[in-house]
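# Observations on chain architecture
Each chain, written out:
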Amino acid sequence: QVQLVESGGGLVQAGASLRLSCAASGLSFSRYGMGWFRQAPGKERQFVAGIMWGRDRRTAYADSVKGRFTVSRDNVKNQTYLDLNNLSPEDTAVYYCAADLWGIGSYRARDYEYWGQGTQVTVSS
């Protein structure tokens, strides 16, 4: 079956960096657009970044993270990554990766068929 497993979260201070990874199995990874979303306590899940399927590597970002976060993928290792730089307490959330067949890295959560369990990122001031 399809599995998406996130890792790399943790507790860091403001201004620090983290790299989140999402390992995919049970699917033809290169055919899937990958997205990163986050959900803070008491808030709705929100789009963070997305990357198109295949070798196109076209990306999209939420305005709140543009210039600080970078999404990438490795179609050989079946992984997608989210590099988080210059973190602030407002970035504290559970971060999820998601997969969308033939996807473009959509900002809409409903476009994604598969989801991981999430990894916690906590940024202290």
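Below, the discussion takes up the side chain of S106. Along the chain, the position of S106 falls in the loop between strand 9 (93-101) and strand 10 (114-115). S106 sits in the buried class, given a relative accessible area of 8%.

Summarising burial for strand 8 (residues 79-84): 5 of the 6 residues are buried, a large majority. By the bridge criterion, 6 bridges tie strand 3 (residues 18-25) to strand 8 in an arrangement that is antiparallel. Residue pairing in the sheet places L20 in a bridge with L82 of strand 8. In this sheet, strand 8 lies alongside strand 7 (residues 69-74) in antiparallel orientation, the contact comprising 6 bridges. Opposite F69, over in strand 8, you have L84 as the bridge partner. In this structure, the hairpin formed by strand 7 and strand 8 is closed by a connection of 4 residues, where N78 is found at a positive phi of approximately 60 degrees.

One non-glycine residue, N86, lies in the positive phi region at around 50 degrees. Take N86: its relative accessible area is 49%, and that puts it in the partly exposed class. With phi around 60 degrees, W102 is a residue other than glycine that occupies positive phi space. Among the structural elements, W102 can be located in the loop between strand 9 and strand 10.

Our focus in this paragraph is the sheet that holds strand 7. Taken in spatial order, the 4 strands line up as 1-3-8-7 in an open sheet, and their pairing is antiparallel. Each edge of the sheet is formed by a strand with only one pairing partner; in this case those strands are strand 1 (3-7) and strand 7. Each strand axis lies, on average, 15 degrees off the axis of its neighbour in the sheet, ignoring direction.

Another aspect to go through is the packing of aromatic side chains. Under the criterion given, the structure shown has 6 aromatic pairs. Between F37 and W115, the aromatic rings sit 5.0 Å apart at their centres with planes inclined by 55 degrees, giving tilted as the arrangement. Linking F37 in strand 4 (residues 32-39) with W115 in strand 10, this pair joins segments that are 78 residues apart in sequence. Among the residues examined, F37 registers a relative accessible area of 1% and is labelled buried. In textbook terms, an aromatic cluster arises when at least three aromatic residues are bridged by ring pairs, as seen for F37, F47, Y112 and W115. Residue placement shows R45 over the ring face of Y96; its charged tip is 3.9 Å from the ring centre.

On to the state of the cysteines, then. Working definition: the covalent bond between the sulfur atoms of two cysteines is a disulfide. Per the counting criterion, the structure on display carries 1 disulfide. Across the disulfide from C22 sits C97; the S-S distance is 2.0 Å. Taking the sign of the S-S torsion, 50 degrees for the link of C22 and C97, the bridge is right-handed. Taken as a pair, C22 in strand 3 and C97 in strand 9 lie far apart in primary sequence, 75 residues in all.

The rules we used
Residues numbered from 1 in each chain as written. Predicted model: local features only at pLDDT ≥ 70, side-chain atom pairs only at ≥ 80, totals over all residues. Heavy atoms only, no water. Helix = DSSP H or I, 4+ residues; strand = E, 2+ residues; numbered from the N terminus. Buried < 20%, exposed > 50% of the residue type's maximum accessible area, 1.4 Å probe, protein only. Pairing = 2+ DSSP bridges. Axes fitted to C-alpha atoms, helices over the stretch in contact; angles between N-to-C directions. Phe/Tyr/Trp six-rings, centres within 6.5 Å; stacked < 30°, edge-to-face > 60°. Lys NZ or Arg CZ within 6 Å of the ring centre and 35° of its normal. Disulfide = S-S within 2.5 Å.

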